Amino acid sequence: MMKNIYLAFILITSFYSRSQITVGLRDGYWLEDMPPGSYIKDTNNEFDPFAGKWVWTNGDEKVIFKLEKVVHYRYPFGSYEDFMIGNYSYTKDNGLTIVANTINQSLSLNPDENPMFAFITKPGSSIDFYFNDIPLDKDDCRAIFEFIPGSTTQMTVRFKNPEVISSIEDPNNPSPPYNYEFTIPQGIILTKQ
């Protein structure tokens, strides 16, 4: 009985924490409470410079980020929003070893069905994505892309772990300690292709 309650709690908590991302607070308003037809639009095209294919190579290693602007996405509760989604790949040995590859695996524009997504926050030379490190099974991390000063074709990316790392331990099935590392190298310089 206790095990069933524990499992139900984990499933509900997992669903609630993941679904809060798309139905969360935007500019002081709860997206799901906005009147049907409301539209959070990228009116100044802040996302546009970040959209595209971004590549880093180092010898036999290669990282690719595919960042895409989604326009006028309709949520089930009737409001609309512009946002970014992203996918990535990381290969070694000149492409023979695939460390991670999420490119072309999701055809959905739903932000919850992509390993990376970003909402309008503030204008500037950087963008902060929610990032899921798929090989390490790490959700709710961040990938911060920032243009190199004076450039529109090169930017850095760095990764951050969640501010709060929570886990519910099952005494019968302990989980391994949290891995603070990331699959993709930190601080790499990406070039727009």
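Quick notes on the rules
- Residues numbered from 1 in each chain as written.
- Predicted model: local features only at pLDDT ≥ 70, side-chain atom pairs only at ≥ 80, totals over all residues.
- Heavy atoms only, no water.
- Helix = DSSP H or I, 4+ residues; strand = E, 2+ residues; numbered from the N terminus.
- Contact = heavy atoms within 4.5 Å.
- Areas by Shrake-Rupley, 256 points an atom, 1.4 Å probe, with all protein chains shown as cover.
- Phe/Tyr/Trp six-rings, centres within 6.5 Å; stacked < 30°, edge-to-face > 60°.
- Buried < 20%, exposed > 50% of the residue type's maximum accessible area, 1.4 Å probe, protein only.
- 1 Å grid on protein atoms, 1.4 Å probe; cavity = no way out; pocket = protein on both sides within 12 Å on 5 of 7 lines; lining within 4 Å.
- Points joined across faces, edges and corners; volume = space filled by probe spheres on them.
- Nonpolar A, V, L, I, M, F, W, Y, C, P; charged D, E, K, R; others polar.
- pLDDT = per-residue confidence, 0-100.
- Core = buried A, V, L, I, M, F, W, Y, C linked by side-chain atoms within 4.5 Å.
- Salt bridge = Lys/Arg side-chain N within 4 Å of Asp/Glu carboxyl O.
- Pairing = 2+ DSSP bridges.

K.L.:
Would you take a moment to explain the overall build of the protein for this structure?
P.N.:
The helix and strand inventory of the protein stands at one helix and twelve strands. Secondary structure elements of the protein occur, N-terminal to C-terminal, as α-β-β-β-β-β-β-β-β-β-β-β-β. Long-range pairs, those at least 24 residues apart, make up 57% of the contacts in the protein between residues at least 6 apart in sequence. Entry remark: accessible area of the protein is about 11500 Å², with carbon and sulfur atoms responsible for 55%.

K.L.:
How should the packing of aromatic side chains be read in this particular structure?
P.N.:
How two aromatic rings sit relative to each other is given by the distance of their centres and the angle of their planes. Scanning the entire structure with this criterion turns up 18 aromatic pairs. Here the aromatic rings of F50 and F147 are separated by 4.8 Å at their centres, their planes lie at 40°, and the arrangement is tilted. With F50 in the loop between β3 (39-40) and β4 (52-58) and F147 in strand β10 (residues 138-147), this residue pair connects regions lying 97 residues apart in the sequence. This pair shows no difference in class: F50 is buried, exactly as F147 is. A network of ring pairs unites the aromatic residues F65, Y88, F129, F131, F145, F159 and F182 as a single cluster.

K.L.:
How should I be thinking about the side chain of D42 in this particular structure?
P.N.:
Take D42: it is sitting in the loop between β3 and β4. Discounting residues that sit within four places of it in the chain, D42 has contacts with F47, D48, K69, D82 and I120.

K.L.:
Would you mind showing me how to read empty space enclosed by the protein here?
P.N.:
If a probe as big as a water molecule is rolled over the atoms, it shows which places are left empty. If you walk through the whole model with that rule in mind, you get one cavity of 30 Å³ or more. For the largest cavity, the full set of lining residues is E46, F47, F50, F119, I120, T121, K122, P123, G124, S126 and I127. The residue inventory of the lining of the largest cavity, partitioned by class, reads six nonpolar, three polar and two charged.

K.L.:
Looking at this model, I keep getting lost on the confidence of the model for the protein. Mind explaining?
P.N.:
When pLDDT drops low, the exact placement of atoms in the prediction is not to be read closely. Chain-level statistics for the protein give a pLDDT mean of 84 and a share of 83% at 70 or above. Taken as a whole, residues 1-21 scores under 50 in pLDDT and shows 17 contacts with residues more than four places along the chain or in a different chain.

K.L.:
Is there a simple way to explain unusual backbone geometry in this structure?
P.N.:
The phi torsion of most residues other than glycine is negative, and most of the peptide bonds are trans. Of note in this structure, N45 is not a glycine but carries a positive phi near 55°. Tracing the backbone shows N45 in the loop between β3 and β4. What makes N45 partly exposed here is its relative accessible area of 38%.

K.L.:
For this particular structure, what's the right way to read the nonpolar core?
P.N.:
For soluble globular proteins, nonpolar side chains are generally found buried alongside one another. Formed by 27 residues in total, the largest nonpolar core has its most connected members in F65, L67, F129, F131, F145 and I184. Within the residue set of this core, elements represented by two or more residues are β4, β5 (61-74), β6 (80-92), β8 (116-119), β9 (126-133), β10, β11 (154-160) and β12 (188-192). Here this core gets four residues from one element, more than from any other, and that element is β10. For I184, the contacting residues outside a window of four places in its chain are V63, F65, Y88, Y90, F131 and F159. Core analysis: the next-biggest nonpolar cluster, separate from the first, contains ten residues, I40, Y73, F83 and F117 among them.

K.L.:
Mind showing me how you'd approach the environment of Y130 here?
P.N.:
Residue placement: Y130 occurs in strand β9. For Y130, a relative accessible area of 23% puts it in the partly exposed group. C-alpha of Y130 to C-alpha of F117: the two residues are 13 residues apart in sequence and 5.4 Å apart in space.

K.L.:
Honestly, the pattern of salt bridges in this entry has me stumped. Any pointers?
P.N.:
When charged atoms on two side chains of opposite charge get close, those side chains can pair. Per the counting criterion, the structure on display carries four salt bridges. The partner of E163 in a salt bridge is K160, with the nearest N and O atoms 3.9 Å apart. A residue is classified by how much of its surface remains accessible, and K160, at 35% relative accessible area, is partly exposed. Overlapping salt bridges, with partners in common, bring together D42, D48 and K69 in one network.

K.L.:
Looking at this structure, I do not really get the pairing of β6. What am I missing?
P.N.:
Within β6, twelve of the 13 residues are buried, which leaves the element mostly enclosed by the surrounding structure. For β3 and β6, the ladder comprises two bridges, and the chain directions are parallel. By the bridge assignment, I40 is partnered in β6 with E81. In sequence, β5 turns back onto β6 through a hairpin of five residues, with G78 there showing a positive phi of about 100°. By the bridge criterion, four bridges tie β6 to β8 in an arrangement that is antiparallel. Across the sheet, the residue bridging to F83 is F119, located in β8. Here β6 runs beside strand β7 (residues 97-101); their pairing, made up of four bridges, is antiparallel. The residue of β7 that forms the bridge with Y90 is A100.

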